Amino acid sequence: MDEIWFVAGGVGLVLAIVVILWWGRSSDRAASRQAHEAAQGREPPVELGEVYEFGVVEFTDHHSGERIAVGKVEGFVLFTEDVPAAVSEGDVIRAKVLSFNEGRTSADATFVEKR
C-alpha cells in the first residue's frame, strides 16, 4: 500500500513540474507578443543613415550564409551585416542604419567599427 502512495506522489510531482514549465513558457510568449505590439506602435529611436553604438547580443545566420550581429538601441533591434570575424557577443560596435524592416519594428545596418 505504501508503494502506491509513493508512485502516486511521484506522478503528482511530475505533473506539477510539467504544468509549471508550460505556464512559464506561455507567459514568456505573452510578454514577447506584448513587446512586439508595443514596438509597432512607437516611432523607431534610430534614423536612416545615422551611426549608433550598441552591444552585440547574439549572432544569427542570414539565408545567404552571412553572419549577422544582433543588438539593440533603446530596445529597438538592429541586424548588422559585414561584421568581422573578430567581433564576439558582448562586444560594443558602431553601425550605420540602412533600412527599416516591415512594420518598422527593427532595422538593417552595416558595420562601421568595433569600440
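Residues numbered from 1 in each chain as written. Predicted model: local features only at pLDDT ≥ 70, side-chain atom pairs only at ≥ 80, totals over all residues. Heavy atoms only, no water.

Right, let's talk about unusual backbone geometry for a bit. For Glu74, which is not glycine, the phi torsion reads 50 degrees and is therefore positive. Relative to the elements of secondary structure, Glu74 occurs in the loop between strand S2 (67-73) and strand S3 (76-81). (Helix = DSSP H or I, 4+ residues; strand = E, 2+ residues; numbered from the N terminus.)

Moving on, we get to the nonpolar core. Ranked by internal contacts, the top residues of the largest apolar core, which has 17 residues, are Val46, Leu78 and Ile93. Looking at this core, the elements that each hand over two or more residues are strand S1 (51-61), S2, S3, strand S4 (92-100) and strand S5 (106-114). A per-element tally of this core places S4 first, with four residues. (Core = buried A, V, L, I, M, F, W, Y, C linked by side-chain atoms within 4.5 Å. Buried < 20%, exposed > 50% of the residue type's maximum accessible area, 1.4 Å probe, protein only.)

Centre distance and the angle of the planes are the two values used to describe a pair of aromatic rings. By the definition in use, this model includes one aromatic pair. Centre to centre, the rings of Phe76 and Phe100 are 6.3 Å apart; their planes meet at 75 degrees, and the pair counts as edge-to-face. With Phe76 in strand S3 and Phe100 in strand S4, this residue pair connects regions lying 24 residues apart in the sequence. There is no split in this pair, since Phe76 and Phe100 are both buried. If you follow Arg67 out to its NZ or CZ, it ends over the ring of Phe59, 3.7 Å from the centre. For Arg104, the ring lying beneath its charged end belongs to Phe100, and the centroid distance is 4.2 Å. (Phe/Tyr/Trp six-rings, centres within 6.5 Å; stacked < 30°, edge-to-face > 60°. Lys NZ or Arg CZ within 6 Å of the ring centre and 35° of its normal.)

This brings us to the sheet that holds S4. Strand pairs in the sheet, formed through backbone hydrogen bonds, run parallel or antiparallel to each other. Pairing in this closed barrel of five strands is mixed, and the strands run S1-S2-S3-S5-S4 around the ring. On average, adjacent strands in this sheet sit at an angle of 50 degrees to one another, irrespective of strand direction. In this sheet, S4 lies alongside S1 in antiparallel orientation, the contact comprising five bridges. Paired with Glu53 across the strands is Arg94, a residue of S4. (Pairing = 2+ DSSP bridges. Axes fitted to C-alpha atoms, helices over the stretch in contact; angles between N-to-C directions.)

Within the fold, Arg115 resides in the segment after S5. Take Arg115: its relative accessible area is 54%, and that puts it in the exposed class. Sequence-distant contacts of Arg115, defined by excluding residues within four places in its chain, comprise Glu53, Val92, Ile93 and Arg94. Within the local environment of Arg115, its side chain forms a polar contact with the side chain of Glu53, the two groups lying 3.0 Å apart. (Contact = heavy atoms within 4.5 Å. Polar contact = N/O pair within 3.5 Å; in protein donor to acceptor, adjacent residues only side chain to side chain.)

Turning our attention to the pairing of S3. Residues Phe76, Leu78 and Thr80 of S3 are buried on one face, while the alternating residues Val77, Phe79 and Glu81, pointing to the opposite face, are not. Here S2 runs beside S3; their pairing, made up of five bridges, is antiparallel. Residue pairing for S3: Lys72 is matched across the bridge by Val77. Relative to S5, S3 runs parallel, the two sharing five bridges. Bridging across to S5, Val77 finds its partner in Ser106.

These results come straight from atomic positions and should not be treated as a statement about function.
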